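Working through the structure, step by step
Residue-level listing of the chains:
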Amino acid sequence: MAKTKELSKDTRNKIVDLHQVGKTESAIGKQLGLKKSTVGAIIRKWKTYKTTDNLPRSGAPRKISPRGVKMITRTVSKNPRTTRGDLVNDLQRAGTKVTKPTISNTLRRQGLKSCSARRVPLLKPVHVQARLKFAREHLDDPDEDWENVIWSDETKIELFGKNSTRRVWRTKNAELHPKNTIPTVKHGGGNIMLWGCFSAKGPGRLIRVKERMNGAMYREILSENLLPSARALKMKRGWVFQHDNDPKHTARATKEWFRKKHFKVLEWPSQSPDLNPIENLWRELKVRVAQRQPQNITALEEICMEEWAKIPNNKRVYNKVLR
């Protein structure tokens, strides 16, 4: 049977108005072009509920009882990495047989959604305090100060596939809660390693690091690429350089190199790669490279350089990256 079109609210109200002035159901139906049974149903609803609005429909009964809903909600709240299969088994042991989609729909109604766990640095209390100190010291810094910073970092680019992910059940805006994240440590090895830098004005140089980097190699990279990048980006006088607290970066010889060159270095809290806006640029690069599907190391390097060069040199774009 074809589904009939629902009457508009105005039409339902008009039926009631005509009924109140004494017209019969048949007369109302003829005047409005409706079936007598339809008119009668609207009038009965109005008499019973004092409204012509649609009433809540009961629908099919829930497969999971309120007690079962509380149980699975409590389970994923304690352990967000619980899988749907685990919850299906828990409910089955309690006498309720459901499917995985039912689990997803039930938890979604509770405000919980299955999401990929964020990878964040493994933080000790001393790291937390250092990050908080950094945030407080720079809380009121104007945008102009950040636009005069050259941000830098190293990253590895995978040739095939992506790093494995874990899914967690969480509420909106809770992606960085410790229970919903995967602690990570510094990268070690990989297909190719890159060093790059950028500022609010655009990308600086990008180079491949072909050997295991030590302090001397890092200073050589800076000597050959940092100042040319600053000039190309037309940085203002007194620009500031940012890098993390890798031992190569904080070595006495490296600090002396910066002192002799009269370069200012931004003091940086340990274990804080997520505070560095270049991570957003690395992600953009990796997405672009993955779409090209390089088949070997040589092609991977070439595509990295090509895609880095294609990233628009647009201040508005980089201000978005910085945020």
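Residues numbered from 1 in each chain as written. Predicted model: local features only at pLDDT ≥ 70, side-chain atom pairs only at ≥ 80, totals over all residues. Heavy atoms only, no water.

Here's the deal with the domain arrangement of the protein
The extent of an interface is frequently quoted as the accessible surface area lost upon association of the parts. Domain boundaries assigned for the protein yield domain 1 (9-49), domain 2 (66-110) and domain 3 (125-317). Relative placement of domain 1 and domain 3: their C-alpha centres are 70 Å apart. (Domains from an automatic or database assignment.)

A closer look at the packing of helix α12 (residues 278-292) against helix α13 (residues 297-310)
Packed helix pairs are characterised by how far apart their axes lie and by the angle those axes make with each other. Here α12 crosses α13 at 125°, and the two axes come no closer than 9 Å. By the angle between their axes, α12 is oblique relative to α13. Note that α12 runs across α13; the crossing there is right-handed. When α12 is examined against α13, the residues Leu281, Trp282, Leu285, Arg288, Val289 and Arg292 are found in contact with a partner set consisting of Leu300, Ile303, Cys304, Glu306, Glu307, Trp308 and Lys310. Class assignment of the residues belonging to the contact of α12 with α13 gives a composition of eight nonpolar, no polar and five charged. (Axes fitted to C-alpha atoms, helices over the stretch in contact; angles between N-to-C directions. Helix = DSSP H or I, 4+ residues; strand = E, 2+ residues; numbered from the N terminus. Parallel < 35°, antiparallel > 145°, perpendicular 65-115°, else oblique. Left-handed = near helix turned anticlockwise from the far one by under 90°. Contact = heavy atoms within 4.5 Å. Nonpolar A, V, L, I, M, F, W, Y, C, P; charged D, E, K, R; others polar.)

Observations regarding the nonpolar core
Among the nonpolar cores identified, the biggest contains 22 residues, and Ile157, Leu194, Leu285, Val289, Leu300, Cys304 and Trp308 are the most heavily contacted of them. Looking at this core, the elements with two or more residues in it are β3 (149-157), β6 (192-199), α12 and α13. Counting residues per element, this core draws most heavily on α12, which supplies five residues. In contact with Val289, not counting residues within four places along its chain, are Ile157, Pro294, Leu300, Ile303, Cys304 and Glu307. Formed by 20 residues, the second largest nonpolar core is a distinct cluster that contains Ile207, Tyr218, Leu226 and Phe241. (Core = buried A, V, L, I, M, F, W, Y, C linked by side-chain atoms within 4.5 Å. Buried < 20%, exposed > 50% of the residue type's maximum accessible area, 1.4 Å probe, protein only.)

Quick look at the sheet that holds β3
Read across the open sheet, the five strands follow the order β7-β6-β3-β8-β9; overall the sheet is mixed. Of all the strands in the sheet, just β7 (202-209) and β9 (264-265) have a single pairing partner and so form its edges. The pairing of β6 with β7 spans six bridges and is antiparallel. The residue of β7 that forms the bridge with Leu194 is Arg208. Relative to the sheet, α12 contacts β3, β6 and β7, its axis offset from that of β3 by approximately 40°. Docked against the sheet, α13 engages β3, β6 and β7, running at close to 165° with respect to β7. (Pairing = 2+ DSSP bridges.)

A closer look at the packing of helix α1 (residues 9-20) against helix α3 (residues 36-49)
Axis separation between α1 and α3 bottoms out at 10 Å; the angle between their running directions is 80°. The angle between the axes of α1 and α3 places the two elements in the roughly perpendicular class. Here α1 contributes Arg12, Ile15, Val16, His19 and Gln20 to the contact with α3, which in turn contributes Val39, Ile42, Ile43, Trp46 and Lys47. Looking at side-chain class alone, the contact of α1 with α3 contains six nonpolar, two polar and two charged residues.

Notes on the pattern of salt bridges
Summed over the entire model, instances satisfying the criterion amount to 14 salt bridges. Linking Arg259 and Glu256 is a salt bridge whose minimum nitrogen-to-oxygen distance equals 2.5 Å. Note that Arg259 and Glu256 are positioned in helix α11 (residues 252-261) at a spacing of three residues, about one turn of the helix. Looking at Glu256, the relative accessible area reads 30%, which means it is partly exposed. Residue Arg292 is joined to Glu307 by a salt bridge in which the shortest nitrogen-to-oxygen separation is 2.6 Å. In this pair, Arg292 sits in helix α12 while Glu307 sits in helix α13, placing the two residues 15 residues apart along the sequence. By relative accessible area, Arg292 is classed as partly exposed at 36%. For Glu307, a relative accessible area of 6% puts it in the buried group. (Salt bridge = Lys/Arg side-chain N within 4 Å of Asp/Glu carboxyl O.)

Considering the packing of aromatic side chains
Aromatic rings in a pair are described by how distant their centres are and how their planes are angled relative to each other. Scanning the model with the defined rule gives eight aromatic pairs in all. An angle of 40° between the planes, with centres 5.1 Å apart, marks the rings of Trp239 and Phe263 as tilted. With Trp239 in the loop between α9 (215-232) and β8 (240-242) and Phe263 in the loop between α11 and β9, this pair connects stretches of sequence that are 24 residues apart. Of the two residues, Trp239 and Phe263, both sit in the buried class. Ring geometry for Trp282 against Trp308: centres 5.6 Å apart, planes inclined by 35°, an arrangement best described as tilted. In this pair, Trp282 is assigned in helix α12 and Trp308 in helix α13, connecting sequence segments 26 residues apart. (Phe/Tyr/Trp six-rings, centres within 6.5 Å; stacked < 30°, edge-to-face > 60°.)

Quick word on a positive patch on the surface
A contiguous patch of positive charge, built from Arg84, Lys100, Arg108, Lys113 and Arg167, is present on the exposed surface. The exposed category is assigned to Lys113, whose relative accessible area is 53%. (Patch = residues over 30% accessible without salt bridge, like charges linked within 9 Å, V, L, I, M, F, W, Y side chains within 5 Å. Areas by Shrake-Rupley, 256 points an atom, 1.4 Å probe, with all protein chains shown as cover. Lys, Arg positive; Asp, Glu negative; His and termini not counted. Charge placed at Lys NZ, Arg CZ, Asp CG, Glu CD.)

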